[in-house]
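Overview (structure and organization)
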Amino acid sequence: MNDGIIDLTLWQLAAAYGFVLILLAIVKVRRIPRQREILISTIRMTLQLLLVGYILMYVFENPNPFITTAIVLVMVTFAIYNIFKRVRGELSKRLKWMVAYSMLGGTIFSLLYFNFIVIQFSPWYDPRYFIPIAGMIIGNSMTGVTLGVQTLLDGMKDQRHRVEAALMLGATPKEATRKIVNQSFDSAILPTINAMVGTGIVFLPGMMTGQILAGVDPVIAIEYQIAILLGVSGAVALTVIMFVQNAYKVFFNEASQLKNADDEIGGDSK
Amino acid sequence: MFTFEQVLVNGIIKIDDAQIEAGKITCITGPSGSGKSTLLKVMNRLRTPDHGRIYYKNQPMEEIDPIQLRREVVMLAQDPVLFGDTVRENAEAGRAFAELEEADEGEIKRQLEAFSLRHSLEQEANRLSGGEKQRLALARMMLMKPEVYLLDEPTSALDEKLEFDIMGQVVSQVQRQEGTMVFITHNQQVAETFADTIFDVTPFTLQGSDINE
């Protein structure tokens, strides 16, 4: 953070808020009722980042395995709640547990693999490495699992008829839902695959941009970026497969019947 | 083959005592919304009766593994469903679901031809017409050669001539295999032509009950 980095002065930072004024002016002229949200989100962003900045400063200066672990657990917990909130439609209690356990299991396994085998920093709890890496792995897994849950729920609703027709022919619930399960895995990992395809050409990834702005040699930044993209795709794949592999079971009872089947009776009155 | 004992289905149909005989063709008739489909689904254990007991081969149904039962007592859904892209994949899907060995190509072709489907096996199935899809779904089930065939309006999308033709094929195949068949139809003439026994659910329908749709 030294060789010739421009530390933004208060004035420079204040000038950046000019962009928000432009945004406010546009919505005002166009009479889009969003001024309140823009103001609130700008203030929240500022306060949250200031807070995080000070917390990180403290954590970086006082590396401690317990604090690092606690922060990562808070991040995973927040991610899990965020998934519950973002999914449209009711999530049953069992489904929520499955989300929680696949997020915990998948992200922590990926994180350990990434830190101990790929990057190998020491001490192992060095927050300067551990926390940003955890943030990227947990954040992307969260997006993946959200998409996976949504596709699964939608699929089980829209293709209920198809699933039932397969059961009638003697299919196991696993076989009857194979297509939906594969679709939800696919939709969950697609953004990650697209990110790999477009990276470096369509956009420079945030982490790399940050490192370059902070004065890191672009080649080193790229090495890190490659590693993190691979790590993220592995983590997303792992969390999502842990989820979908078990989640389909929630929709069936012990007699391998679709649950809530009575909601759509009267099928012979076409 | 099936024995009903004090069975209440869906809060609509109440059957105190009835039998469906092995090796016979039984037709279920009754007005719309009387729960005929649900009655078939109960025999396939896709639904559980509200109360009462159903025996399959003298064994209480709830004691039989539901997946194994459905592989013996196969049911054809009312609206045809596609499984896979090509005609071949669709025809093979039933045997695949039931974990039976694949049917050979000649057999698949003969079955499709019996139902007047003369498409290439590699033809995309979603380009078939509604009636063709229905016959394809029927062929998929026939290729499974189960002991019991449960058919929910298997020929509803076909014109009268084809309907009789296809039903005749189905019935003769089931009889050749000494199988049991239970089907639903709205066509009284089809019922009278092909069924050994007609099981009218009207007298078993509870009066004043909440009939859906």
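Residues numbered from 1 in each chain as written. Chains lettered and ligands numbered in written order. Predicted model: local features only at pLDDT ≥ 70, side-chain atom pairs only at ≥ 80, totals over all residues.

Where an unreviewed UniProt entry is consulted, chain B appears under the name Putative ABC transport system ATP-binding protein, with the organism given as Salsuginibacillus halophilus. Under Subcellular location (unreviewed entry), UniProt gives the following word-for-word description of chain B: "Cell membrane". (UniProt positions renumbered as here; feature names shortened; annotations may be inferred.)

Where an unreviewed UniProt entry is consulted, chain A appears under the name Putative ABC transport system permease protein, with the organism given as Salsuginibacillus halophilus. Reading the Subcellular location (unreviewed entry) entry of the UniProt record for chain A gives the comment "Membrane".

The helix and strand tally for chain A stands at 11 helices and 0 strands. Reading chain A from its N end, one meets helices and strands in the order α-α-α-α-α-α-α-α-α-α-α. Principal-axis analysis of the C-alpha atoms gives chain A an extent of 75 × 55 × 35 Å. For chain A, buried positions account for 29% of its 270 residues. Put simply, 75% of the contacts in chain A that link residues at least 6 apart link residues at least 24 apart. (Helix = DSSP H or I, 4+ residues; strand = E, 2+ residues; numbered from the N terminus. Buried ≥ 20, exposed ≤ 12 C-beta atoms within 10 Å, placed from the backbone. Contact = placed C-beta atoms within 7 Å.)

Time to look at the pairing of strand 7 (residues 148-152) of chain B. Residue and element names in this part refer to chain B. A large share of strand 7 lies buried, amounting to 5 of its 5 residues. Taking every second residue as pointing to the same face, both faces of strand 7 are buried, with Val148, Leu150 and Asp152 on one and Tyr149 and Leu151 on the other. In terms of strand pairing, strand 6 (residues 73-76) meets strand 7 through 4 bridges, oriented parallel. Among the inter-strand pairings, Leu76 is bridged to a residue of strand 7, identified as Leu151. (Pairing = 2+ DSSP bridges.)

In the numbering used here, UniProt assigns the feature "transmembrane region" (unreviewed entry) to residues 6-26, 38-60, 66-84, 96-117, 129-153, 188-214 and 226-244 of chain A. When the span residues 66-84 of chain A is considered, its composition is 100% helix and 0% strand, and the gap between its end C-alpha atoms is 27 Å.

Residues and elements named next belong to chain B. An order of 6-7-8-3-9 is seen for the 5 strands of this open sheet, with the pairing classed as parallel. Bordering the open sheet on either side are strand 6 and strand 9 (197-200), each of which pairs with just one other strand. The sheet shows a mean angle of 20° between the axes of neighbouring strands, taken without regard to direction. The sheet contact formed by strand 3 (residues 25-29) and strand 9 spans 4 bridges and is parallel. From the neighbouring strand, Cys27 faces strand 9, where its bridge partner is Ile198. (Axes fitted to C-alpha atoms, helices over the stretch in contact; angles between N-to-C directions.)

A few words on the packing of helix 10 (residues 206-213) of chain A against helix 11 (residues 218-247) of chain A. Residue and element names in this part refer to chain A. Viewed as axis vectors pointing N to C, helix 10 and helix 11 meet at an angle of 155°, and their least axial separation amounts to 9 Å. Taken as axis vectors, helix 10 and helix 11 run roughly antiparallel relative to one another. When you trace helix 10 past helix 11, the crossing you get is right-handed. The segment helix 10 lies against helix 11, with Met207, Met208, Gln211 and Ile212 engaging Pro218, Ala221, Ile222, Tyr224, Gln225 and Ile228. (Parallel < 35°, antiparallel > 145°, perpendicular 65-115°, else oblique. Left-handed = near helix turned anticlockwise from the far one by under 90°.)

The peptide bond linking Ser122 of chain A to Pro123 of chain A adopts the cis configuration, its omega dihedral lying at 0°. Inspection of the secondary structure puts Pro123 of chain A in the loop between helix 5 (93-119) and helix 6 (127-158). In the Ramachandran plot, Arg31 of chain A falls in the positive-phi region, its phi being about 55° despite a non-glycine side chain. Structurally, Arg31 of chain A is set in the loop between helix 2 (18-29) and helix 3 (35-61). Residue classification places Arg31 of chain A among the exposed positions, given that 6 C-beta atoms sit within 10 Å. Positive phi values are uncommon outside glycine, yet Arg45 of chain B reaches one of about 55°. Note on placement: Arg45 of chain B falls in the loop between helix 1 (36-43) and strand 4 (51-56).

Quick look at the nonpolar core now. If you look at the biggest cluster of nonpolar residues, it comprises 113 residues, and the most contacted ones within it are Val99, Val145 and Ala166 of chain A together with Val74 and Leu150 of chain B. With 13 residues, the single largest contributor to this core is helix 6 of chain A. If near-sequence neighbours (up to four positions away) are discounted, Leu150 of chain B is found in contact with Leu40, Met43, Asn44, Val73, Val74, Met75, Leu76 and Val182 of chain B. (Core = buried A, V, L, I, M, F, W, Y, C linked by C-beta atoms within 7 Å.)

A common way to report how large an interface is uses the accessible area buried once the components associate. Contact residues are listed per partner, giving 30 residues for chain B and 22 residues for chain A. The element that contributes the greatest number of residues to the side of chain B that touches chain A is helix 2 (residues 66-72) of chain B, accounting for 4 residues. Class assignment of the residues belonging to the side of chain B that touches chain A gives a composition of 12 nonpolar, 10 polar and 8 charged. (Nonpolar A, V, L, I, M, F, W, Y, C, P; charged D, E, K, R; others polar.)

Right, let's talk about the confidence of the model for chain B for a bit. Residue and element names in this part refer to chain B. A residue-level look at chain B finds 97% of positions with pLDDT of 70 or above and a mean pLDDT of 91. The low-confidence segment residues 208-213, where pLDDT is below 50, has 11 contacts with residues more than four positions distant or belonging to other chains. On the interface metric, ipTM, the complex scores 0.92, and its pTM is 0.84. (pLDDT = per-residue confidence, 0-100.)

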